[in-house]
Amino acid sequence: MSQLKAPSLQSLLESDRGSTDSLLAESLQLDFEDLDDAEFHIPPTDVLPSLETVLSEFEADSDVASEVGVPHATPTPSIAEDSGVRGDGRGSGGGGSIMRYTLLHGISAQLASAAERVNAGASSACAVSAYIAVGTSHGHILNFDVTQTLRWAHQDKHSQGAVSTLAFNVESTRLLAGYARGLVIMLDTQTGDVLRELFDVITPNTGVLHVKWTSYSSLALCADAGGSVWSLNFTRKLGIRGCNSRCLFSGARGEVCAVEPLIMDSQGRHELDQYCIVALATLSKYFIVTVRPRLKVIKYHALQGPADCLPLLAWHLVLIQAADTTRSVDPVIVVGRGNQLFFHQLFMANGRITLLYLRHVQLQTGLLSAHWLGPKSVASLDTSEILHLVDVRSSKELECMDMANAGLVYGSAQFKGLATGGNVSPAFALAGTNACYNSIVSRGTQLYVLGARSLHIIGVRSWSERISYLVKNHRWQEACQLALDGYIASAERPRKRAQAKERIIALFGEYIATTTRVPEYCLGAIIQCLITVGELDLLWTKLWERLHNNSDLFLQHISEHIEQDNIRTVNPVISQALVDYWLQHSPAKLEQLILKLDWMCLDLNQVLKAVKRHNLYRAQIYLNTHALKDYTGALTELLPRLTPEQTQLGNCLLVYVSSCLAGRGYPSGDIPMEQVQQVKHDVLRCLTSQHSSAGDVEELPYPYLRALLAFDTRETLNVISLAFQEPEFNNELGYSHRKRIIYILLEIMTPEKATWSQIGCLLNFIAQQISTQCLPRDKQLLEQVLGYLATEHITNESVRQHSERESAWHELLSNNCLAEISNDMEQLELARRARCFYVVEYLLDRLGRYDNILECYIENSERHETVFAYMERHVSTPERAIYAQLSLHLRLLLQINATEIVRIIALHYPKHIDELLQLLSDSNDERLLFSMLQSLHARQAPLTSEQHEKLLELYCKMQSPDEVYQFLRSNVGYRVEHAISIVQARGLTKAVIYLYEQQQSYTKAFELSMELLREAVQQDSTNSAEMAKQIAELLARAATSLPTEELEHSWFDFLQFILPNQSLQAITKSMLHEASQHIDLHNLVQLIMNTHNLSTSFGDIKDLLMSMLVSSRQETEALRTAAQILCDDLHADFAEQRQVARRGLWVTTMRCVLCRNRLTEQTHVLALGACGHAMHERCLDELMSDSQQCPRCKVGLGTTQPLLQLSNPSQHTFTQAGSLDMSVLQLKAPPRRFC
């Protein structure tokens, strides 16, 4: 082993062979003097990385990575990236950007050299701390420092087999090693000296599976192949090192497969620091125990999984935010088996240690290992040796990497106990088939994977490293997205956000330097980054200058961000280019951009000319109001140009006027508070101005308001109505303004200048204003409004307009606004003339005249569907007289909806059904009577036979024959004789045939069916074959009712018609087959042979006859087989009964269980079947009268086994047995008990 000792620094400096820290250097025979450091990127030899640099978990931008949710790892300068392991990226991070694979060339070379030179064997276990220790299959241990320099090597001299497990203590000063044959040794990590050799600390003749240091420096745990767990308490008394071993868990209670102590690194700041906590897992459950201060089970839970999978355990301290937003750093354990991962939080609650379930993650394949890589991700290796990186918070897989080329070392030999004779359980050996507890270890955010002669590291890149990696591979889109995610995630951390912003600015610099030849490449992503971090100056300067000659794509991206409200202002130069670009491509898009931008960044002269030239009305209004502070200029300029055909302009002006009168800005926002009153006053004054600024002599008064009313009267009045709700119109001055506007509207909307529709909208508006007390009750105005509302006929009045007229009238009545000019009776008469039945209903209800309300619903076609709701609502109120109105308007209600009115009648007036039906019969309206009867039948209402027959008669008159036939099949309430006469009178032969069959008159049904068939054949009907099949089915149904001779006669008539008919040739064969089941075969064959002009061919007849013969043979064979089976069953039952009858009896007592006398003293003896107790026949007769159970064991008599009667024993039998005691009952057959 001295050949493996690391050379000293002095020897390395004096040697002329160069560095010998790798035993492969000599075999390469390289001339180190010819190597160029710059060309091969070899780092200077005087710069060696420190331990903290290599294995540290955090770096300057770690907090940014933590916010993104992806753990990070510090690069190790002394090891190089290798492409021997394939990676596959998943998730938002992109392919291969999260995990970083590295092969430790120096350590791998030393392992290969040790195996070849000193027969150290293949690698078997490893441990990582401040040092890296590797055990081999031949008992060697190699210890390396962070520069991959071999510090020392140890060789086992006791033939203890392979090194099965290794573990460093927290301080990295001691190394524990377990061997396959049970030896545990402790080594000094500095010198490699053996401090303790422990041969008898575990179960004898078992190997060591795990050695683990606990949070106590003198306490370690050891698990053996027998499934037991031992605590190793190291002592040192008077300079003598010792160890006290204690069994914590016996393998007899369950074999422990995994042991994982909780190592707290909180330096006494956590409540759990005072405890020594260990997680244990067997093949059926896992549990958490405390070893110190006393042994106690905290929690245990069942753990299910495949038989060939081991349980997995791993601890980590995680920052957890509770539901009440409190945060705490607590240990979280991940427990896995099969394809399941379970996460539990361990914490103190009310002085007790509590385990809380957090979440469950299910993967696609089975797992071999699971390790934390940072506080937010878990690396799991599946059975296909693919490493999966899973984000714990989202339960999503971030990335995966194929580790098949790493040559992973499995510890199945230790779980099978090969070094100790295989003395392990089969379940334990099966579960450990793919064990890799000691060949995959984690430290911080790095995962170490041990191969047979190599050591690999899987690190997790930090947020900044991932960006650099993506940039290096020219994946700019992913790099920008990742940078933005980090910036957004650090929103609440100013220092982290500043770091993220600096990284994005650096990314922009790299983008500018790298994409010189393709300046448009990934332009959208880099623009998004700069806009998000607020570096718009870089956007307007460097990026714009670079793309000045090809700016279309740049302007498109900028436009998208303006539409998304990400940008409110742009550089003036760019705004001019933006306006010119969209004027050429899409002026409508330019209008949207102008509305989104701050007007101060625009060239007003350029933009105002453009919007006026291209009729961009919204943009023009926006610029006038925001830039020029002119709220009436757009109205005075655009309203004179408004016509009813200019929908876009009209809608735009209506929205603008509505916004101004409500104090809101256009198209969004609010008008400054100090300008609201002035804007409202100016806009209202502009609308109500009597003349326009450029009007001629012939201009009509109020041109602006007139133009809006001419465009859309209804919407203009809605705008004015909304304006009336503002506070300015709610005082005394406001009422005067309202009245003035109303009179202006009346002056404009005269019959000479407006249509009745427009005038009606105005009067409805006025009525609503009066009813809501927004206008004073002026008698003259009310009379004018009522005159319009009560107009009997208005030309071209739509349903909507009529409904609005009724609503306005109703509002006036309900608010008692018309009491001064008319009473309710006059109003009722006016409403009837105007056909405003909604108003009529209201007045009738107010006057208490309920007996005419239903007529209001019937007369108003728009309210037909609500009449039934009204009836059902008041059906139980006598004063509403619902039934009287229903019977009066029954015909009209049936015309509206027969189903609904019949439903009401059937539910609430079932006793009046006959009366209402008679009422309809007297009116001679058969169609309405049919509708009511049909609806009653559909509701399965009780109808008499006469009513069913009346419905059948109406069906015959008004429906098709097929519907009549379906009615007959679905109804049984009619009398068959009367139904036959009804359908015969209508000539519905098909229905008559059905009724004859219902009457069991199959002969008449057959005769009618044959008449229909003959007519169909004569007329060459296409459904003649179907009719023939129906006749065959009819005869088949008649087989159980008709006499045999009559049935055969019918079949012969039917076949004599079918066989010679060419049109029925296709069904001849099937009809003969059907007939063969009902008539004699000999007669059928004779009929076929005697039929002249047979339509079918001889081949068909031959096939028919052969099939008949085959069927006959099959039936004969089936009968014979059935008879044989019956005989066999009878013989088997007889043999079984004979065997039962010949069985011997086991009589358990020689005395009668009733009289207690000997059984031989009576003439007959009876033995009970199941219990074996016996009694005399006379005693049994007495017992049966009182009880049905055996008096000894309470078994029922005559229920389970039949009573067996034994004849009186012959005297000859007792004579031959004279030497025997007569008290013993002699049986010749061996006794057997009944069961």
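Cut-off values and rules
Residues numbered from 1 in each chain as written. Predicted model: local features only at pLDDT ≥ 70, side-chain atom pairs only at ≥ 80, totals over all residues. Heavy atoms only, no water. Helix = DSSP H or I, 4+ residues; strand = E, 2+ residues; numbered from the N terminus. Buried < 20%, exposed > 50% of the residue type's maximum accessible area, 1.4 Å probe, protein only. Contact = heavy atoms within 4.5 Å. Pairing = 2+ DSSP bridges. Axes fitted to C-alpha atoms, helices over the stretch in contact; angles between N-to-C directions. Phe/Tyr/Trp six-rings, centres within 6.5 Å; stacked < 30°, edge-to-face > 60°. Lys NZ or Arg CZ within 6 Å of the ring centre and 35° of its normal. pLDDT = per-residue confidence, 0-100. Salt bridge = Lys/Arg side-chain N within 4 Å of Asp/Glu carboxyl O. Parallel < 35°, antiparallel > 145°, perpendicular 65-115°, else oblique. Left-handed = near helix turned anticlockwise from the far one by under 90°. Nonpolar A, V, L, I, M, F, W, Y, C, P; charged D, E, K, R; others polar. Core = buried A, V, L, I, M, F, W, Y, C linked by side-chain atoms within 4.5 Å. Domains from an automatic or database assignment. Arc of directions from axis to C-beta. Patch = residues over 30% accessible without salt bridge, like charges linked within 9 Å, V, L, I, M, F, W, Y side chains within 5 Å. Areas by Shrake-Rupley, 256 points an atom, 1.4 Å probe, with all protein chains shown as cover. Lys, Arg positive; Asp, Glu negative; His and termini not counted. Charge placed at Lys NZ, Arg CZ, Asp CG, Glu CD.

**What to know about the overall build of the chain**
Part 1 of the argument: Along the backbone of the chain there are 47 helices and 33 strands.
Part 2 of the argument: Out of the 1235 residues belonging to the chain, those deemed buried represent 48%.
Part 3 of the argument: Residue pairs in contact within the chain that sit at least 24 positions apart in sequence constitute 55% of those at least 6 positions apart.

**Structural notes on the sheet that holds strand S7 (residues 150-155)**
Part 1 of the argument: One open sheet accounts for four strands, arranged S4-S5-S6-S7; its pairing is antiparallel. Pairing within the sheet leaves two strands with one partner each, and these edge strands are strand S4 (123-128) and S7. Between one strand axis and the next, the sheet turns through 15° on average, direction left out of account.
Part 2 of the argument: By the bridge criterion, five bridges tie S4 to strand S5 (residues 132-136) in an arrangement that is antiparallel. Bridge pairing links Ser 123 to Thr 136 in S5.
Part 3 of the argument: Each of S4, S5, strand S6 (140-144) and S7 is contacted by helix H6 (residues 105-117), which is oriented at about 155° to S6, the strand it contacts most.

**A word on the packing of aromatic side chains**
Part 1 of the argument: Counting across every chain of the model gives 17 aromatic pairs.
Part 2 of the argument: Ring centres of Trp 1051 and Phe 1054 lie 6.0 Å apart, and the angle between their planes is 65°; on these two criteria the pair is classed as edge-to-face. A residue pair is termed a helical-turn pair when its members lie 3 or 4 positions apart in one helix, as Trp 1051 and Phe 1054 do in helix H42 (residues 1044-1058) at three residues.
Part 3 of the argument: Exposure remark for Trp 1051: the relative accessible area of 0% places this residue in the buried category.
Part 4 of the argument: Linked through ring pairs, Phe 415, Phe 428 and Tyr 437 together constitute an aromatic cluster.
Part 5 of the argument: Over the face of the ring belonging to Tyr 469 we find Arg 461, whose NZ or CZ atom lies 3.9 Å from the ring centre.
Part 6 of the argument: Over the ring of Tyr 857 we find Arg 863; its NZ or CZ atom is 4.2 Å from the centre of that ring.

**A closer look at the confidence of the model for the chain**
Part 1 of the argument: In the predicted model, the chain carries a mean pLDDT of 81, and the fraction of residues at 70 or more is 85%.
Part 2 of the argument: Note on residues 89-94: pLDDT is under 50 here. Beyond four places in sequence and across chains, it has 19 contacts.
Part 3 of the argument: The low-confidence segment residues 1199-1235, where pLDDT is below 50, has 48 contacts with residues more than four positions distant or belonging to other chains.

**With respect to the pattern of salt bridges**
Part 1 of the argument: A complete count under the given rule lists 30 salt bridges for this structure.
Part 2 of the argument: Residues Arg 891 and Asp 925 are paired through a salt bridge, measuring 3.2 Å at the closest nitrogen-oxygen approach. With a gap of 34 residues between them, Arg 891 in helix H33 (residues 890-908) and Asp 925 in the loop between helix H34 (913-922) and helix H35 (926-938) connect regions that are remote in the sequence.
Part 3 of the argument: A salt bridge links Glu 946 to Arg 975, with the shortest nitrogen-to-oxygen separation between them at 4.0 Å. Taken together, the positions of Glu 946 in helix H36 (residues 945-958) and Arg 975 in the loop between helix H37 (961-970) and helix H38 (976-985) put the pair 29 residues apart, joining distant regions of the chain.
Part 4 of the argument: Assessed through its relative accessible area of 31%, Arg 975 is described here as partly exposed.
Part 5 of the argument: Overlapping salt bridges bring together Arg 714, Arg 800 and Glu 804 as one network.

**Remarks on the packing of helix H12 (residues 523-533) against helix H14 (residues 552-563)**
Part 1 of the argument: Where H12 contacts H14, the two axes come as close as 10 Å, and the packing angle between them is 45°. Considered as vectors, H12 and H14 are oriented oblique to each other. In the crossing of H12 with H14, the sense of the turn from one axis to the other is right-handed. Counting all contacts with H12, which are made through Leu 523, Gly 524, Ile 527, Gln 528 and Ile 531, the residues of H14 involved are Leu 553, Phe 554, His 557, Ile 558 and His 561.
Part 2 of the argument: Residue classes in the contact of H12 with H14 are distributed as six nonpolar, four polar and no charged.

**Structural notes on the pairing of strand S23 (residues 352-362)**
Part 1 of the argument: As judged from the ten bridges shared by strand S22 (residues 340-349) and S23, these two strands associate in the antiparallel manner. Looking across to S23, one finds that Gln 340 is bridged to Gln 362.
Part 2 of the argument: Hairpin connection between S22 and S23: a loop of two residues separates the two successive antiparallel strands, and Asn 350 in this loop has a positive phi of roughly 55°.

**Considerations on the nonpolar core**
Part 1 of the argument: Formed by 164 residues in total, the largest nonpolar core has its most connected members in Trp 809, Met 871 and Phe 1054.
Part 2 of the argument: Each of two domains, domain 4 (617-732) and domain 5 (1000-1091), supplies a minimum of three residues to this core.
Part 3 of the argument: With 58 residues, the next largest nonpolar core counts Ile 467, Trp 476, Ala 483 and Tyr 511 among its residues.

**Notes on unusual backbone geometry**
Glycine aside, residues mostly have negative phi angles, and peptide bonds mostly take the trans form.
Part 1 of the argument: Of note, the bond from Arg 292 into Pro 293 is cis; its omega dihedral lies within 30 degrees of zero at 5°.
Part 2 of the argument: Here Pro 293 shows up in the loop between strand S18 (285-292) and strand S19 (296-302).
Part 3 of the argument: Between Tyr 666 and the following residue, Pro 667, the backbone shows a cis peptide bond with an omega angle of 5°.
Part 4 of the argument: By secondary structure assignment, the location of Pro 667 is in the loop between helix H20 (647-661) and helix H21 (676-687).
Part 5 of the argument: At Ala 881, a residue that is not glycine, the phi angle is positive and equals roughly 50°.
Part 6 of the argument: Counting through the fold element by element, Ala 881 comes out in the loop between helix H31 (867-874) and helix H32 (882-888).
Part 7 of the argument: Assessed through its relative accessible area of 23%, Ala 881 is described here as partly exposed.

**Re the sheet that holds strand S10 (residues 184-188)**
Part 1 of the argument: Reading across from one edge, S8-S9-S10-S11 is the order of the four strands in this open sheet, with antiparallel pairing throughout. A single partner strand is all that each edge strand has here, and the edge strands are strand S8 (163-168) and strand S11 (194-198). The mean angle between the axes of side-by-side strands here comes to 15°, regardless of whether they run parallel or antiparallel.
Part 2 of the argument: Alignment of S10 against S11, held across four bridges, turns out to be antiparallel. The residue bridging Ile 185 from the neighbouring strand is Glu 197, located in S11.

**A short note on helix H43 (residues 1065-1075)**
Part 1 of the argument: Buried within H43 we find Ile 1067, Thr 1068, Met 1071, Leu 1072 and Ala 1075. The arc enclosing the buried residues of H43, seen along the axis, measures out at 150°, which places them on a common side.

**Some points on the packing of helix H13 (residues 536-546) against H14**
In a packed pair of helices, the relevant descriptors are the angle between the two axes and the axis-to-axis distance.
Part 1 of the argument: Following both chains from N to C, one finds H13 and H14 inclined at 155°, their axes separated by 11 Å at the closest point. In terms of axis orientation, H13 runs roughly antiparallel to H14. H13 and H14 meet at a crossing whose hand is right-handed. Together, Leu 539, Trp 540, Leu 543 and Trp 544 of H13 and Phe 554, Leu 555 and Ile 558 of H14 make up the contact between the two elements.

**Some thoughts on a negative patch on the surface**
Part 1 of the argument: Negative charge collects at one region of the surface, where Asp 1128, Asp 1129, Asp 1133 and Glu 1136 lie side by side.
Part 2 of the argument: Assessed through its relative accessible area of 43%, Asp 1129 is described here as partly exposed.

**With respect to the environment of Ile 440**
Part 1 of the argument: With respect to the secondary-structure elements, Ile 440 resides in strand S28 (residues 440-443).
Part 2 of the argument: By relative accessible area, which is 1% here, Ile 440 ends up buried.
Part 3 of the argument: C-alpha of Ile 440 to C-alpha of Leu 455: the two residues are 15 residues apart in sequence and 9.9 Å apart in space.
Part 4 of the argument: Apart from the residues within four sequence positions on either side, Ile 440 is in contact with Ser 369, His 371, Leu 381, Leu 408, Leu 447 and Tyr 448.

**Concerning the pairing of strand S3 (residues 99-103)**
Part 1 of the argument: Of all five residues making up S3, five are buried, and the element is well covered by its neighbours.
Part 2 of the argument: Alternating positions in S3 separate into two faces, Met 99, Tyr 101 and Leu 103 on one and Arg 100 and Thr 102 on the other, with burial throughout.
Part 3 of the argument: Note: S3 against strand S30 (residues 455-460), five bridges, orientation antiparallel. Along S30, the bridge assignment pairs Arg 100 with Gly 459.

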